[in-house]
Amino acid sequence: METNGLDCHDNRGECMLLYMKDRNQSEQIRSEPLCSLKESAPPKLCNGSTEEWNSMNGCGKSDSENEKSESKEEKVDEESVENKKETSVEESEGKVESPEDVYYVHDAGLTIKIVSPGAEPFEIQVSSSEIVQELHQLLMEREDTCHRTCFSLQLDGVILDNFSELKSVAGLKDGSVIKLVEEQYTCREARIHVKHVRDLLKPSDWADAYGGTECASLSFLNAVSGGDLSGKKRVVDCTPPDCIMPGTSNSLLLTQIHPQNKEQKPISCLKVLAASGWNPPPGHRKLHGDLMYLLIVTLEDKTCHITASPRGFYLNRSTMEVFDPLPAHTNNFLSHSLIELLNQISPAFRKSFAQLQKRRMSRHPFERVATPYQVYSWVSPTIPHHMDAIRAEEAFSSKLGYEEHIPGQTRDWNEELQSTRELPRSTLPERLLRERAIFKVHSDFVSAATRGAVAVIDGNIMAINPGESHKMQMFIWSNIFFSLGFDVRDHYKELGGDAAAHVAPRNDLQGVAAYSTIDLEGLYTLGTVVVDYRGYRVTAQSIIPGILEREQDQSVVYGSIDFGKTVVTNKKYLELLKKAGPRLKVFPHYVLNEKDEMVELCSSVECKGIIGNDGRHYILDLLRTFPPDVNFLKDLDIELTEDVREMGYPLEHPHKLCCLRQELVDAFVESRYMTFIKVAAYHLQKFGFKAQVLEEPKSEVPTEDLQKSENESQLDGETKEIDDEAVGSPIKTVEFVENITKSPEKGEESNTLTAIRNASNSVCSLSATEFDLRFNPDVFSPSVKHAEPEEVVEVIPKSEGSKDEGDEKPTEVQRTKKYPSIATQIRLNREACDYLLLLQIPTFVRDITASNSCALDSGSTFFGPNALLMDGASFSVAMHMRGINIRYLGRIVHLLLEKEQLSEGESRIVVLPTQNGLNNGNASATTSVGENLPHFMTTIAIMELISRSAKHIFNPYIQVHNVDVMNQSLAISHFLNCMFMVGSPVVPPAYSDELFPASRPRGPRNKSRQNKGKYPIANGSSTGTEWTQLTAATLWEQIKKDISSYYGFTFPENVEDSLDTILQTYGIQRISLLRSFCLKTGIQVMLKEYQFNRGASSAKSTNTFNQEDILNVFPIVKHIDPKASDAYTFLATAQNKMAAGFFREGYELLSEALNLLNNVYGAMHPDIALCLRSLARLNYVMGEHADAMAYQQKALFMAERLLGVDHPITILEYTHLSLYCFANNQVTTALKLLYRARYLSLLVCGENHPHVALLDSNIGLILHAVGEYELSLKFLEKALELNKKYFGGRSLKTAVGHHLVARTQSCIGDFRSALMNERETYSIYKEQLGDKHEKTQEASDCLQHLTQQAVVLQRKINDMAHGKGLPPIQIQPPSMGSVLDMLNLINGILFMQISQQDIENFKAELELRAREMSPNQQQSK
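Looking only at helices and strands, the chain has 43 helices and 28 strands in total. For the chain, buried positions account for 54% of its 1421 residues. When contacts within the chain are restricted to residue pairs at least 6 apart in sequence, long-range pairs at least 24 apart make up 72% of them. Carbon together with sulfur atoms contributes 51% to the accessible area of the chain, which is approximately 62,600 Å² in total.

Right, dumping it as structure tokens:
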């Protein structure tokens, strides 16, 4: 059965079936058919309880917090309402909602009693806004009712409508009794019941997670902590694993990544549960009500044949040889539930099922709820494959892609995707319903598209053009269109061929995401998913109604189907796209068609507009939505600036579809807007209109820049150096804009317009009379003929301030303006590319290497992009957030290496000697983190560079036309050996075929003619064997060539000889590179220890990887990410409140944001994890340590489940949770969590990272607190070493590190070293803070104390020399409170102690200032 559909009984389980129509209104939604919603009510748990779901939805609030939430007013505070107004104006097409339209989602809760057959009555708490279907789902999760699927709920004998809200049920009130009534089965219900029972009986909890199915994923928090987060265990076991000790990363064990509870072995309940061979029932038995037959083999080896009937399940008389469907003679055990029947016929089943339920119920709900998107693991143990006839029937069924529970069987994805976007959105409840529907349908579509793409590559779907070659084939499956990323008909011949065809879907997806974010009413995009699988790129798209019935040229009413040779336009499309243009910075431009007629476009020429049979206006092929990147278009006759040319640009790229990112365009426009304000301000000041500009200008434009503005009227690279304070605060900027844009008096008009004209020209504005920066995406398209009309008529809506009071709608204004020349458009595009190279990239490199930010202190912010840059994936995300394309990775690496050399005066990068047989191939394993290794950002960037280029080589390598399907695991293992093995040559792969003997017969006739054709490899050609010729040397040459051609980077000659030299030079661990490569290609390897260094010490020359080590290849899926708009408004307001110090108000807003996120996304989403982390930190700051730990535990569960068990954010969550556990006196658990975080850090990036210093400081502090001074000293010394490297020897962090080391050394009697370190602390504090600072005084006192202790120790040593003996040294361990204070300091949490007197003094000062200012204000008035 399909698992991503709408059935409430499926494994996704968070969905329901809902008719999209309002019963209280006559107006109906366009789509009368059914649509799915992702509800925030109970998601699919294996067996959950109401209390567990309430704890999930309430996010662990205490009783007092829940009472507080219930007593909140329905209106949000004024600030959030104002923010919501601003956000929703564009969404609601100008309809500004009033405060009365904004509601909290909290509503009255109900306590109802459920009476179920065979179970004790129980009470549950529900929300009045939930629907009855959610109660069905909840009952299917409870332990005592989970085995029931076919039932109805009745109140006072009346069956409740599954799709009614509880508040609309007549007679339902607090304390009502709802009865669970068993209903008769149908054939469909019987199949659903059997599948549900099969899911309940799964013997392993991890098979689906490792296999990447059923939206299951891994979580090891309970295994790491021992499950005692909520316990009171105080036994301190603080021994760290040997593999994570400082300086021993050479012994890092990969198997530790997935810790398992040893006592949890798989529990088997049955030997066989299958459909009987007597299926389907013959006609005469159908007339007796037989629905299906089952075959059961119990643990007692008893074979049973069971009949499913409308009244339930019973034993029949059939055997394997004889068909007798009549009920058994003695006792047929008729039961409504199959579980009840099995409990009666098998005592072993009853016992095992009870144990299975107990284990499942012991797991946290967040460990069992399905994730919205499938998460894959790059490493896995060997999972036993159990016989499962039900699973086999589902996999082999021809119903793949059909939903048995939906009328019409196949989901119309396009109708669902578009109709959800057409839902009303004027009020908050409507927007929540709409966004929930959009997210649910989208997640289902992504799941279906991924399954379809995998089926396409696996050969499970027949092409719609089977006569074409494999690369040209297209597919339709489950109403989704699939195409491969190849240049099938020379469509992209002039743009790069297959390279352009491969990148076009990714660019198209970015365009779809941009238009989806704008969410313009009336303009529709296709559901789009890009899947990379086994070397192929598959694009999955929803199908426009009617497009398959017409030719392409007949369907397209806007755009071009041949890259600009023939162009058509459409008035409606122009109207829609012009509304979206300002948001996307797309400039309406004119081109000439084949008849030399002028055609207006407001998109790239490749963008096609098609009106579907449903009347909707669709746009597709959005691959050039954003401006082209001239830095990678070498063939163009464009003169770049001298600074850019000196960098080696323009570079020749494999394709010509290089475009700038939307983030870069927005940053560039914002930067130029500030420059526009500054230049206009200067000119107005020059003309003597200072009163119209600013009251107190803080700085002036530098003279040389102003001279250029006057004489040359253009902006060069130096303009960016203008001080940002030239126009003061943002409020003053707004006032200034209003001043210069309002109608001036006659005498001032010419001067004001001159100032604006000069400012416009200086920033390359497309309009001489206003700030207008928009880009022509076709400006460099070779096949497009541009038209340059002298003037154009622009239609713009009137501003709201200019509307008449009686107008109901904003009127439109037409104005004539000069059309900017193509040269101006080219210049603007070129300057945006210059901005990227000359400002954005250097700023990014400066920020990620700055000593005050390289630690990326996660404790200083509540939410936002908390980028813990530890691997290539997080590094790429950081680049994208700055608008930097991945193709500039080579430039970033170049700047990082330059920075390394400049910081030391000479290159600090030295080639380290190979440690044969010692470090297992990990480059930096046996070296200190001192001067030998580069900056950690350099290591991460180069590792990302290598892994991405290796992926480029791997994709064509593994495709079917290169590798025979039967040898894919062997080919993958050979590629990994060529890439990662060191010390000995790779043993060539022995081509093997499982269908033939491993060894051929010996003898002189071995090569005789009779053996020819026996082995498929000798089938007349060598197709599929070229991969065997790959060697480590040839692979490295290909990687270097790809790095040079794609990223424009070349390694220094002294280190480029081999990959091994590169890895050792730049401190890259092979295990980290393997992880990065597997995550990019979808390879899953076996969980075991890999010996990368196969030197002479190896007893036998074998390869590191063999074909059994390759367990699977998973798809890499790219798709858009629908957002919950209202929740982010609350988040932004909460951030402002907390920044202003209003923690309680911020806490309430964060709680409400969490509620909104749960309503839209359900229980699991990365943004929910981010909100939970913020709430945890806020609780901790406010002293609620227990609540902080509860929130953070859930955030960590989500990070593991949604991002991966070794993701950098997961490491961050472990770090936070350890602090909160220590604050709750769970010392052992805190240490276990820190050990786990350090292990994952070593695995991801090694010890050369500032976050490892933070972890080591935390570990050392806690070990010191429990008296493990020797262990503590090792971690603290490593932390001090890293802090010196990344923050400088005179930084405050280094001072704290010296103090901690000194304190620990004093505890073990090493007072000489302790004094040296404490002197360093005192010296740094004195230099940085002064003599009178509190910290300096503390360091001075500590120095005196250590000196006294050293004198006392020396006296005792002297006494021992005279035979008096050495009395034991008395060491007073620090209190837990003092340790917690130091932990807070290290983790960036500072508590300001303010007395009541200070508060009173502050209030008095404010009142005095207010009185002083009031006379001045009256005089000014």
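So, on to the pattern of salt bridges. By the definition in use, this model includes 53 salt bridges. Across the pair E165 and K167 runs a salt bridge whose closest N-O atoms are separated by 3.6 Å. According to the relative accessible area criterion, E165 is partly exposed, its value standing at 32%. Exposure remark for K167: the relative accessible area of 56% places this residue in the exposed category. In this structure, the salt-bridge partner of E1247 is K1278, at a minimum N-O distance of 3.6 Å. Placement of E1247 in the loop between α36 (1227–1244) and α37 (1250–1265) and of K1278 in helix α38 (residues 1269–1287) is noted, with a sequence separation of 31 residues between them.

In the segment running from N279 into P280, the intervening peptide bond is cis, with an omega of -15°. Position of P280 relative to the elements: it lies in the loop between β8 (270–275) and α8 (283–286). Across the junction of Y649 and P650, the peptide omega takes the value 5°, indicating a cis bond. In this fold, P650 is placed in the loop between α18 (642–646) and α19 (662–686). Even without being glycine, D301 reaches a positive phi, approximately 65°. Residue position: D301 is located in the loop between β9 (292–298) and β10 (303–309). A positive phi angle, close to 60°, is found at N479, a residue other than glycine. Secondary-structure assignment places N479 in the loop between β13 (474–477) and β14 (480–484). Relative accessible area serves as the criterion here: at 31%, N479 is assigned to the partly exposed category.

The next thing to look at is the nonpolar core. In this structure, F875, I946, M979 and F1051 are the most contacted members of the largest nonpolar core, which totals 239 residues. Counting residues in hydrophobic clusters, the runner-up holds 32 residues, among them V197, M292, L338 and F349.

Pairing is antiparallel in the open sheet, where 3 strands are placed in the order β20-β19-β23. Sheet topology places β20 (598–601) and β23 (785–786) at the edges, where each strand pairs with a single neighbour. With 2 bridges connecting them, strand β19 (residues 589–592) and β23 associate as antiparallel partners. By the bridge assignment for β23, V591 is matched with H786.

Our next topic: the packing of α38 against helix α39 (residues 1292–1307). A packed helix pair is summarised by two numbers, namely the angle formed by the two axes and the spacing between the axes. Look at α38 against α39: their axes get within 9 Å of each other, and the N-to-C directions meet at 160°. It follows that α38 is roughly antiparallel to α39 by the angle criterion. The handedness of the crossing between α38 and α39 comes out as left-handed. On α39, the residues touching Y1269, S1272, L1273, L1276, E1277, L1280, N1283, K1284 and F1287 of α38 are K1293, T1294, G1297, H1298, L1300, V1301, T1304, Q1305 and C1307. Classifying every residue of the contact of α38 with α39 gives 8 nonpolar, 7 polar and 3 charged.

Right, let's get into the packing of aromatic side chains. Any two aromatic rings considered together are summarised by their centre-to-centre distance and by the angle between their planes. In the structure shown here, the tally under the stated rule is 38 aromatic pairs. The interplanar angle of 75° and the centroid separation of 5.2 Å between the aromatic rings of Y673 and F771 together place this pair among those described as edge-to-face. Separated by 98 residues along the polypeptide, Y673 in helix α19 and F771 in the loop between α22 (746–762) and β23 bring together distant segments of the chain. The exposure class of F771 is partly exposed, given its relative accessible area of 21%. Sitting over the ring of Y524, R616 keeps its end group 5.5 Å from the ring centre.

Here β19 pairs with β20 via 4 bridges, running antiparallel. If you follow V591 over to β20, its bridge partner there is V599. Connecting the antiparallel pair β19 and β20 is a turn made up of 5 residues, with D596 showing a positive phi of about 60°.

Time to look at helix α17 (residues 571–584). End to end, α17 covers 20 Å across 14 residues, agreeing with the expected 20 Å (1.5 Å per residue, within 8%). In α17, a bend of some 30° at K578 exceeds every other bend along the element, and P582, a proline, comes one to four places later. Of the positions making up α17, those classed as buried are Y573, L574, L576, L577, A580, G581 and L584. A distance of 2.9 Å separates the backbone nitrogen of K572 from a side-chain oxygen at the start of α17, and that oxygen is part of N570. Just beyond α17, the residue with positive phi is K585, at close to 60°.

Another point: the sheet that holds strand β22 (residues 617–620). Taken in spatial order, the 4 strands of this open sheet run β15-β22-β21-β18, and their pairing is mixed. In this open sheet, the two strands that pair with only one neighbour each are β15 (523–525) and β18 (556–558). Strand-to-strand twist across the sheet, computed as the mean angle between neighbouring axes with direction ignored, equals 45°.

Quick look at the pairing of strand β17 (residues 536–542) now. Burial within β17 is extensive, with 7 of its 7 residues counted as buried. Along β17, one buried face is formed by Y536, V538, A540 and S542 and the opposite face, lined by R537, T539 and Q541, is buried too. Where β14 and β17 come together, 5 bridges link them in antiparallel fashion. By the bridge assignment for β17, S483 is matched with T539. Judged from the 6 bridges that link them, strand β16 (residues 528–533) and β17 form a sheet pairing that is antiparallel. Along β17, the bridge assignment pairs V531 with V538. Linking two consecutive strands that pair antiparallel, namely β16 and β17, is a turn of 2 residues; a positive phi of about 50° is found at R534 within it.

Rules used throughout
- For every chain, the first residue of the written sequence is number 1, and numbering continues from 1 along that sequence.
- The predicted nature of this model means local features are confined to residues of pLDDT at least 70 and side-chain atom pairs, given and counted, to a pLDDT of 80 or more, with totals for whole chains, interfaces and linings taken over all residues.
- Side-chain calculation: all heavy atoms of the structure are included, whereas hydrogens and water are not.
- Starting at the N terminus, helices and strands are each numbered in turn, a helix being any DSSP run of H or I of at least four residues and a strand any DSSP run of E of at least two.
- The buried label applies to any residue whose accessible area, calculated with a 1.4 Å probe on protein chains only, is under 20% of its type's maximum; exposed applies above 50%, and partly exposed to all values in between.
- A contact between two residues is defined here by any heavy atoms of the two lying within 4.5 Å.
- Computed by Shrake-Rupley with a 1.4 Å probe, the accessible areas treat only the displayed protein chains as cover when residues are assessed.
- A carboxyl oxygen of Asp or Glu within 4 Å of a side-chain nitrogen of Lys or Arg is what we treat as a salt bridge.
- Nonpolar cores are built from buried Ala, Val, Leu, Ile, Met, Phe, Trp, Tyr and Cys residues. Side-chain atoms within 4.5 Å join them into one set.
- Any two strands between which DSSP finds at least two bridges are classified as paired.
- All axes are obtained by fitting lines to C-alpha atoms, using only the stretch in contact for helices, and the reported angles, taken between N-to-C directions, cover 0 to 180 degrees.
- Oblique is the label for any angle not under 35 degrees, not over 145, and not in the 65 to 115 range, which are roughly parallel, roughly antiparallel and roughly perpendicular in turn.
- Crossings are assigned a handedness: left-handed for a near helix turned anticlockwise from the far helix by less than a right angle, right-handed for a clockwise turn.
- Nonpolar residues are Ala, Val, Leu, Ile, Met, Phe, Trp, Tyr, Cys and Pro. Charged residues are Asp, Glu, Lys and Arg, and all others, Gly as well, are polar.
- Paired rings are identified among Phe, Tyr and Trp, the last through its six-membered ring, by centres lying within 6.5 Å, and are further divided according to the angle between planes into stacked (under 30 degrees), edge-to-face (over 60) and tilted (the rest).
- Charge over a ring is defined by NZ of Lys or CZ of Arg lying within 6 Å of the ring centre and within 35 degrees of the ring normal.
- Any helix carries an expected span of 1.5 Å times its number of residues minus one.
- Bend at a given residue is defined as the angle between two axes, one fitted to the seven residues that end at that position and one fitted to the seven that begin there.
- In protein, a polar contact requires one atom able to donate a hydrogen and another able to accept it; more generally it is a pair of N or O atoms within 3.5 Å, and residues adjacent in sequence count only if both atoms are side-chain atoms.

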